[in-house]
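Tertiary structure, described
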Amino acid sequence: MNSKALDGRIALVTGASRGLGAACAEWLAARGAHVVAVARTTGGLEELDDRIQAAGGSATLAPMDVANEAAMAHLCRSIHDRWGKADIWVHAAIHATALTPAGQIREKDLDANIATNIRATARLISMVGPLIAPSDKATAIFFDDEGEAMYGGAYAMSKAAQRALVTRWQAESAKHGPRVELLSPKPMPTAVRARFHPGEPREGLAQPRDEAERLLAPLFAG
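Residues numbered from 1 in each chain as written. Predicted model: local features only at pLDDT ≥ 70, side-chain atom pairs only at ≥ 80, totals over all residues. Heavy atoms only, no water.

Our focus in this paragraph is the overall build of the chain. Within the chain, the secondary structure is distributed over seven helices and six strands. For the chain, the succession of helices and strands along the chain, N to C, is β-α-β-α-β-α-β-α-β-α-β-α-α. The C-alpha radius of gyration of the chain comes to 17 Å, within 12% of the 17 Å expected for a compact globule of 222 residues. Seen through its principal axes, the chain has C-alpha atoms that stretch 55 × 35 × 30 Å. For the chain, buried positions account for 48% of its 222 residues. (Helix = DSSP H or I, 4+ residues; strand = E, 2+ residues; numbered from the N terminus. Rg over C-alpha atoms; globule rule 2.2 N^0.38 Å. Buried < 20%, exposed > 50% of the residue type's maximum accessible area, 1.4 Å probe, protein only.)

When two helices pack together, their arrangement is captured by the angle between the axes and the distance separating the axes. Following both chains from N to C, one finds helix α3 (residues 69–83) and helix α4 (residues 107–132) inclined at 5°, their axes separated by 10 Å at the closest point. Judged on the interaxial angle alone, α4 and α3 are roughly parallel. Across from Glu69, Met72, Ala73, Cys76, Ile79 and His80 in α3, the residues of α4 making contact are Arg123, Leu124, Met127, Val128 and Leu131. (Axes fitted to C-alpha atoms, helices over the stretch in contact; angles between N-to-C directions. Parallel < 35°, antiparallel > 145°, perpendicular 65-115°, else oblique. Contact = heavy atoms within 4.5 Å.)

In this structure, Leu28, Val35, Leu48, Val90, Ile141, Phe143 and Phe220 are the most contacted members of the largest nonpolar core, which totals 33 residues. Listed by contribution, the elements that provide at least two residues to this core are β1 (10–14), α1 (19–30), β2 (34–39), α2 (42–54), β4 (88–91), β5 (139–143) and α7 (208–216). The greatest single-element share of this core, amounting to eight residues, is contributed by α1. Excluding its chain neighbours within four sequence positions, the residues that come into contact with Leu48 are Ala16, Ala22, Ala25, Glu26 and Ala37. Counting 28 residues, the second-largest nonpolar core is a separate cluster that includes Ala93, Ala120, Leu124 and Val180. (Core = buried A, V, L, I, M, F, W, Y, C linked by side-chain atoms within 4.5 Å.)

Tallying each qualifying case throughout the model produces one cavity of 30 Å³ or more. Taken as a whole, the largest cavity spans an internal volume of roughly 40 Å³. Taken together, Phe143, Asp144, Asp145, Lys159, Gln162, Arg163, Val166 and Leu182 form the lining of the largest cavity. The element that contributes the greatest number of residues to the lining of the largest cavity is helix α5 (residues 153–172), accounting for four residues. Its residues placed into classes, the lining of the largest cavity shows three nonpolar, one polar and four charged. (1 Å grid on protein atoms, 1.4 Å probe; cavity = no way out; pocket = protein on both sides within 12 Å on 5 of 7 lines; lining within 4 Å. Points joined across faces, edges and corners; volume = space filled by probe spheres on them. Nonpolar A, V, L, I, M, F, W, Y, C, P; charged D, E, K, R; others polar.)

Here we come to the sheet that holds strand β6 (residues 179–183). Taken together, the six strands give an open sheet; going across it, the order is β3-β2-β1-β4-β5-β6, and neighbouring strands pair in parallel fashion. A strand with exactly one partner marks an edge of an open sheet, and here the two such strands are β3 (58–63) and β6. Adjacent strand axes in the sheet meet at a mean angle of 15° when their direction is disregarded. Here five bridges tie β5 to β6, and the two strands are oriented parallel to one another. If you follow Ile141 over to β6, its bridge partner there is Glu181. On the sheet, α2 packs against β2 and β3 and is oriented at approximately 180° with respect to β3. (Pairing = 2+ DSSP bridges.)

Structure below.
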């Protein structure tokens, strides 16, 4: 059996049920990583698992909300107890509420964006950072998004805060690790983009599978 670049590696993918998160999970599994796939949508995770297994890979499914602190803490502990560490973390979980003018943002929508895009990200950095630290390939991957859509102020604000947190962690980890990457995907025909750009032609948008290859391949070459 031919060895693969990521054989024996554990990759935690949060937001793995669809879009770029699912594509990254499949890309990592195809290169030998065992993927721990996290998302709220059980059906999406099961479909992901079917595709991974059909391609000869392996995954553990964890249907849960990344904003559930207790559930995520239990998952990180379970990964540690089973494998001793993780090696790679891909964070693709985001929340986007309905388009709303800046002066009419509802508090519940604002709180929902903050809960997933800011608070959960901060908690996960504190949980997953120590989990991947022992690895010689410790890598945390995030995705940038300017949130430029008109009336998308609540989402854009939360993503700006997330970006600030990630870039600070990136700078703080530059010397001693983990490697922290903030990558910029091309526009893709995802559910979030369809919400922010209703009626936009989907032809010409990048496919998540192609973006996963473009963004991840340079990080794990050789």
